[in-house]
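A closer look at the structure
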Amino acid sequence: MEIVPSQNVIGAEIHRVELAQPLSEAEFGRVEAAFNKHAVLCFRDQHLTEPQLIAFARRFGEVERIFLTHYAHPKYPEIMFVSNIKENGRDIGHADAGSVWHTDMSYTARPPRATMLYALEVPMEDGVTLGDTLFSSAADAHDSLPTEKQQRIAKLRAIHQVAGRRARTGTGQQDQALRKQQPAVLHPVARTHPHTGRKCLYVSKGECEGIEGMPQDEALMLIDELADHTTDPRFRHVHRWRVRDLLMWDNCTVQHLASFDYRWPKHRRLMHRITVDGTVPV
Ligand code: OGA
Ligand code: MN
């Protein structure tokens with residue numbers, strides 16, 4: 001097994017490993033250490049059945065139940081389809097997986113540690129791959145803040161809610177239903193990574209509606225400022241997909257964004273998605 005870091009502050013490819021076979025404890029230890037260090041890991045050319053994908057995910061912790069049940073795999077409820085494909089006029093999977101910068105399910109009390117996507121179909125046009133996923137290091141973003149700013153935000157907690165600020169200006173039925181299931185939650189603006197101990201900025205424009213005890217105008221300005229800083233190009237890593245990539249990311253260390261430069265029915269994109277339980281942000 002070989003770990004090849006990207007040129008960016010986050011991201012690595014793991015070569016010469018077949019995830020279809022169970023990894024030894026020693027191999028898994030190296031993978032987990034690389035995951036904590038690089039936060040976005042790509043394993044190319046993996047041939048994984050659903051049970052093999054689930055088994056690999058389980059090495060990192062409990063696999064979460066999908067709560068968008070209409071996009072769940074019919075036979076493996078741990079797997080959700082992320083896809084733009086329509087069958088009989090209906091989306092077969094979650095088609096808008098992340099059109100704004102976010103970290104997965106920050107609007108829940110215990111957001112997932114890791115998200116995995118396994119690519120089955122990747123959109124292409126004239127030999128160019130579409131549908132890249134962008135990542136940004138919230139840990140490096142925190143490190144680069146001036147000390148006074150770090151101190152100013154150290155004790156703050158942000159209010160996260162499904163669809164966040166969009167909700168007030170009118171939102172889809174799906175968001176409305178989710179909001180009923182998921183009351184707003186408070187998380188530290190700078191959370192501490194449970195494995196590395198690094199401080200990571202943990203606010204996004206999509207989900208964060210305010211900051212506890214702060215006037216709304218001031219809170220939204222601070223959220224926007226920190227969110228823009230978190231996703232600054234110097235902290236980024238872009239993943240260009242190939243079919244049979246298994247990609248996984250750390251939802252504390254990084255934020256991510258899907259690029260929607262492809263469209264149905266000209267292009268097809270299909271991923272199997274799985275999330276691993278996390279800890280309560282502190
Ligand atoms: C996700 C997500 C991005 C993509 O599955 O959580 O944000 O490019 N996906 O599909
Ligand atoms: Mn996402």
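Here goes a summary of the coordinates provided. Note that the coordinates shown come from a computational prediction; the quantities given were computed from them, not determined experimentally.

Conventions and cut-offs
- Residues numbered from 1 in each chain as written.
- Chains lettered and ligands numbered in written order.
- Predicted model: local features only at pLDDT ≥ 70, side-chain atom pairs only at ≥ 80, totals over all residues.
- Heavy atoms only, no water.
- Near = heavy atom within 4 Å.
- Areas by Shrake-Rupley, 256 points an atom, 1.4 Å probe, with all protein chains shown as cover.
- Nonpolar A, V, L, I, M, F, W, Y, C, P; charged D, E, K, R; others polar.
- Pairing = 2+ DSSP bridges.
- Helix = DSSP H or I, 4+ residues; strand = E, 2+ residues; numbered from the N terminus.
- Axes fitted to C-alpha atoms, helices over the stretch in contact; angles between N-to-C directions.
- Contact = heavy atoms within 4.5 Å.
- Polar contact = N/O pair within 3.5 Å; in protein donor to acceptor, adjacent residues only side chain to side chain.
- Donors = N, O, S within 2.8 Å, 3.2 Å for Na, K, Ca; no water.
- Buried < 20%, exposed > 50% of the residue type's maximum accessible area, 1.4 Å probe, protein only.

Here the focus is the site of ligand 1. Around ligand 1 sit Val82, Ala97, His102, Asp104, Leu117, Thr133, Trp249, His256, Ala258, Arg269 and Arg273, and those are all the residues in its vicinity. Protein coverage of the free-state accessible area of ligand 1, which is 290 Å², stands at 99%. Within the shell around ligand 1, the residues separate by chemical class into five nonpolar, three polar and three charged.

Our next topic: the sheet that holds strand S12 (residues 185-188). Pairing in this open sheet of three strands is antiparallel, and the strands run S12-S11-S15 from one edge to the other. The open sheet has two edge strands with one neighbour each: S12 and strand S15 (208-211). With strand direction ignored, the average angle separating the axes of adjacent strands in the sheet is 35°. As paired elements, strand S11 (residues 157-160) and S15 share three bridges and run antiparallel to each other. Counted as the bridge partner of Ala158 is Ile211 from S15.

With that settled, consider the environment of Arg113. One can find Arg113 in the loop between strand S6 (90-91) and strand S7 (114-121). Taking C-alpha positions, Arg113 is 6.0 Å from Asp250, a pair spaced 137 residues apart along the chain. Sequence-distant contacts of Arg113, defined by excluding residues within four places in its chain, comprise Glu32, Phe35, Asn36, Phe60, His195, Trp249, Asp250, Asn251, Val276, Asp277 and Gly278. A distance of 3.0 Å separates polar atoms of two side chains, one belonging to Arg113 and the other to Glu32.

Our focus in this paragraph is the coordination of the manganese ion (ligand 2). When four donors bind a metal tetrahedrally, each ideal donor-metal-donor angle is 109.5 degrees, and when six bind octahedrally, the ideal angles are 90 or 180 degrees. Donor atoms from the polypeptide that coordinate the manganese ion (ligand 2) comprise His102 (NE2), Asp104 (OD) and His256 (NE2), at 2.1 Å from the metal. Sequence spacing of the donor residues for the manganese ion (ligand 2), all on one chain, is H-x1-D-x151-H. Here His256 lies in strand S18 (residues 254-258) and His102 lies in the loop between S6 and S7, a separation of 154 residues in the sequence. Judged by its relative accessible area of 5%, His256 is buried.

To continue, consider the sheet that holds strand S10 (residues 133-137). Read from one edge to the other, the open sheet built from three strands follows the order S16-S10-S18, with strand pairing classed as antiparallel. Both outer strands of the open sheet, strand S16 (236-239) and S18, are each paired with one neighbouring strand and no more. When the angles between neighbouring strand axes are averaged without regard to direction, this sheet yields 20°. Bridge count between S10 and S16: four bridges; the pairing is antiparallel. Across the sheet, the residue bridging to Ser136 is Arg236, located in S16.

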